[in-house]
Every structure is written in C-alpha cells, then in structure tokens.
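# Descriptive analysis of the structure
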Amino acid sequence: MRIIAGTAKHRSLKSPSLSTGVRPILARIKKSLFDILRPWLDGSEFLDLFAGSGAVGLEALSRGARFATFVDMNPNCLSIIRQNLSKLQLFDRARLVRADITKDLSYAGGPYDIIFMGPPYHDAAWHPLSLTMPTMKEFSGPVF
C-alpha cells in the first residue's frame, strides 16, 4: 500500500495482518474517491471511521486536509496508524480514537468537512453490512 498523491506521494504504508480481518482499500478505489473529493479536501477536517490501516485518512492528509481523526476499535489497527503517521511525519495533524463507532460518536469531536466510513463487510457473527446502519444513526447528533 502506498500514498497516491500529495506531500507523501509514493511513500509506503504499513498494513495490519490479514488475521485482523482488515482489508485495505484498493488503489483504484482510493484514486476514484480522491478524484471526487479533490475540490473539498484542501484545509478540511477529515474523519476516518473504521480506519483500519489509516490509508484513507493518511491520503487525505497528504493531499491537503488540515487535520484527520482516525477511529477504530482494534488496538492493533491504531498501532499501525500511529506507526504510519510517525513514518510520514503527519502525527501533529492527527488524532487517534479507540471506540465502538456504532454506539457513540460524540467523543470524535468535530465538526468535520468530510466523513469517510469504511466498515467491515460483516460483523463478528458474519452478518453482512450489519455495522453500516447503526453507525449512520450516530451521525444525527449535534457533533455533525
């Protein structure tokens, strides 16, 4: 995995092991996503939910986001994100939060200009897309 563009272009990223269940975003999907976000990215506040390796939030920082908050429940993923932030010298523009995203988002701060949510395809009981709707219900709070 690599940063596609911006100040950290071509820099490689560490990724969690496959045993964590984290599937990194495909490079072509990430490219398409950031082609769409380009007009709103510069100076933005970026929230990366279910952050995994942090690849999306790190790409946002590399491309001009002012600040990114990374939220994940897995301490191994947060450790990987911390290492990637340090390697890319972006730690001063980021915050890491360990929390269950489906229960409460008030801890995440805000407001945010861009919210990216890349939940796992299934929960621990293998129910497909079961984390999407509970998380979306949390967006109705005063933080956003």
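Residues numbered from 1 in each chain as written. Predicted model: local features only at pLDDT ≥ 70, side-chain atom pairs only at ≥ 80, totals over all residues. Heavy atoms only, no water.

Under the counting rule described, the total for this entry stands at five salt bridges. A salt bridge links lysine 30 to glutamate 59, with the nearest nitrogen and oxygen atoms 3.5 Å apart. Residue lysine 30 is found in helix α1 (residues 27-41), and its partner glutamate 59 is found in helix α2 (residues 55-62); the two are separated by 29 residues along the sequence. The exposure classification of lysine 30 matches that of glutamate 59, with both residues buried. One salt bridge connects glutamate 59 with arginine 63, and the closest N-O pair in it is separated by 2.7 Å. What you see here is one network of salt bridges that share partners, running through Lys30, Glu59 and Arg63. (Salt bridge = Lys/Arg side-chain N within 4 Å of Asp/Glu carboxyl O. Helix = DSSP H or I, 4+ residues; strand = E, 2+ residues; numbered from the N terminus. Buried < 20%, exposed > 50% of the residue type's maximum accessible area, 1.4 Å probe, protein only.)

Per-residue pLDDT for the protein chain has a mean of 86; in total, 80% of the residues score no lower than 70. Across the protein chain, the element-wise mean pLDDT spans from 66 in helix α4 (residues 132-138) up to 97 in α2. (pLDDT = per-residue confidence, 0-100.)

Relative to the helices and strands, serine 53 is located in the loop between β1 (45-49) and α2. Among the residues examined, serine 53 registers a relative accessible area of 4% and is labelled buried. Sequence separation between serine 53 and leucine 13 is 40 residues, and the spatial gap between their C-alpha atoms is 8.1 Å. Leaving out residues up to four positions away in the same chain, serine 53 has contacts with Met1, Lys14, Ser15, Pro16, Val22, Leu58, Ile80, Ile81 and Asn84. (Contact = heavy atoms within 4.5 Å.)

All right, on to α1 then. With 15 residues, α1 should cover 21 Å at 1.5 Å per step; its first-to-last C-alpha distance of 18 Å lies more than 12% under that length. The sharpest bend along α1 reaches about 40 degrees and sits at aspartate 35, with the proline proline 39 one to four residues further on. Among the residues of α1, Lys30, Leu33, Phe34, Leu37 and Leu41 are the ones counted as buried. Against β1, α2 and β4 (114-117) lie the buried residues of α1. At the exit of α1 stands glycine 43, carrying a positive phi of roughly 75 degrees. (Expected span 1.5 Å × (residues − 1). Bend = angle between axes of the 7 residues up to and from the residue.)

All right, on to the nonpolar core then. Nonpolar side chains in soluble globular proteins generally cluster together in the buried interior. Judged by nonpolar contacts, the single largest core of 25 residues is most densely connected at Phe46, Leu58, Leu61, Phe70 and Leu85. Counting only elements with at least two residues in this core, the list comes to α1, α2, β2 (67-72), α3 (75-87) and β4. Counting residues per element, this core draws most heavily on α2, which supplies five residues. Leave out the neighbours within four places in its chain, and leucine 61 touches Arg66, Phe67, Ala68, Phe70, Leu85, Leu90, Arg93 and Ala94. Counting residues in each nonpolar core, the second largest holds ten residues, with Leu47, Ala99, Leu105 and Ala108 among its members. (Core = buried A, V, L, I, M, F, W, Y, C linked by side-chain atoms within 4.5 Å.)

What follows is about the sheet that holds β4. Taken in spatial order, the four strands make up an open sheet running β3-β2-β1-β4, and their pairing is parallel. Pairing within the sheet leaves two strands with one partner each, and these edge strands are β3 (94-98) and β4. Each neighbouring strand pair of the sheet contributes to a mean axis angle of 15 degrees, computed without reference to strand direction. Bridge count for β1 against β2 is five bridges, and the pairing is parallel. Residue pairing in the sheet places leucine 47 in a bridge with threonine 69 of β2. (Pairing = 2+ DSSP bridges. Axes fitted to C-alpha atoms, helices over the stretch in contact; angles between N-to-C directions.)

A cis geometry characterises the amide bond from glycine 110 onward to proline 111, with omega recorded as 0 degrees. Unusually for a residue other than glycine, histidine 10 sits at a positive phi of about 70 degrees. Along the polypeptide, histidine 10 turns up in the segment before α1. Non-glycine residue glutamine 89 carries a positive phi angle of around 55 degrees. Summarising the element assignment, glutamine 89 is placed in the loop between α3 and β3.

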